[in-house]
Amino acid sequence: SPQLAAPATVVALPAASSFGVQNSNAEVLTNFQVKVPGANVPALTSECSGTNFQLSASGSAVNYCFIQDNGDCNPNPETNGLWMRVPSLVASAQARIDVSCTSAIAAVDGSNVFDMYDAFTGTGLDTNKWRDETANGAVESYILGGAGLASGSSPKAVFFDGTNEFIEVPNH
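Residues numbered from 1 in each chain as written. Predicted model: local features only at pLDDT ≥ 70, side-chain atom pairs only at ≥ 80, totals over all residues. Heavy atoms only, no water.

**Student:** What am I meant to see in the pairing of strand E4 (residues 53-57) here?
**Tutor:** Along a regular strand, successive side chains alternate from one face of the sheet to the other. E4 sits mainly inside the fold: four of its five residues count as buried. With four bridges joining them, E4 and strand E8 (residues 93-101) adopt antiparallel strand pairing. Across the sheet, residue Phe53 finds its bridge partner in E8, namely Cys101. The sheet contact formed by E4 and strand E5 (residues 60-67) spans three bridges and is antiparallel. Bridge assignment links Ala57 to a residue of E5, and that residue is Ser60. Once E4 ends, the chain turns through two residues before running back antiparallel as E5, passing Ser58 with a positive phi of about 50°. (Buried < 20%, exposed > 50% of the residue type's maximum accessible area, 1.4 Å probe, protein only. Helix = DSSP H or I, 4+ residues; strand = E, 2+ residues; numbered from the N terminus. Pairing = 2+ DSSP bridges.)

**Student:** Where do I start with the pairing of E5 in this structure?
**Tutor:** The pairing of E5 with strand E7 (residues 81-89) spans four bridges and is classified as antiparallel. Within E7, the residue paired with Phe66 across the bridge is Leu82. Here E5 runs beside strand E6 (residues 73-74); their pairing, made up of two bridges, is antiparallel. Each residue of the ladder has a partner; that of Phe66, found in E6, is Asn74. Hairpin connection from E5 to E6: five residues lie between these consecutive antiparallel strands, with Gly71 at a positive phi of about 95°.

**Student:** Would you mind going over the nonpolar core with me for this structure?
**Tutor:** It is characteristic of soluble globular proteins that their nonpolar side chains tend to be buried jointly. One finds Phe19, Phe53, Leu55, Tyr64, Leu82, Met84 and Ile97 to be the most contacted residues of the largest nonpolar core, which totals 24 residues. Elements supplying a minimum of two residues to this core: strand E2 (18-23), strand E3 (29-37), helix H1 (41-47), E4, E5, E7 and E8. Other than its neighbours up to four places away in sequence, Ile97 contacts Ser17, Ser18, Phe19, Val21, Leu55, Ser56, Ala57, Val62, Met84 and Val86. In this structure, Cys73, Val113, Tyr117 and Ala119 belong to the second largest nonpolar core, which totals seven residues. (Core = buried A, V, L, I, M, F, W, Y, C linked by side-chain atoms within 4.5 Å. Contact = heavy atoms within 4.5 Å.)

**Student:** What am I meant to see in the pattern of salt bridges here?
**Tutor:** Two side chains that carry opposite charge are able to pair once their charged atoms sit near each other. Under the criterion given, the structure shown has one salt bridge. Its salt-bridge partner being Asp98, residue Arg96 comes within 2.6 Å of it at the nearest N-O pair. (Salt bridge = Lys/Arg side-chain N within 4 Å of Asp/Glu carboxyl O.)

**Student:** Help me out: how do you make sense of the state of the cysteines in this one?
**Tutor:** Every disulfide links exactly two cysteines, by a covalent bond between their sulfur atoms. For the structure on display, the rule yields one disulfide. The disulfide that involves Cys65 links it to Cys73, with 2.0 Å between the sulfurs. Taking the torsion about the sulfur-sulfur bond, which here is approximately 95°, the covalent link between Cys65 and Cys73 counts as right-handed. By relative accessible area, Cys65 is classed as buried at 0%. (Disulfide = S-S within 2.5 Å.)

So, to be careful, I would describe these as geometric facts and stop short of saying anything about function.
This is the structure we're talking about:
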């Protein structure tokens, strides 16, 4: 699962078809989310004459999603930046991310980049993500505490009426 650590930073590499991600931590990071700022997206899209590109690290695909104007992260091309989930970042080192052109958009939904991602679509929260489980996997209780989804926004926001609603985020 993703770990909290100092942010990994995107750095340029000499080859136009790759870029680097610097891990300044003294530990290996696995399945780590890295934000690629919007200023870097045009370089990626110009490499492949559009948004049809695949990211990979050491031959393994790197899932990524585009940051939308409303904060959502999905496959719809946008220049606000993107989030990517790097399989492994060696301690105190730089990982090379290769860019290759594809015939179709390789971007994914935010749930393939973030473990706890929820776009808050539909009429309720995804109870497969927002629940509390015991060590043996049994559902103890939903951790929504009466909170619901607010209408009128897209993606939807969580609604609290100010009395006793809460959402508890598990420590992964």
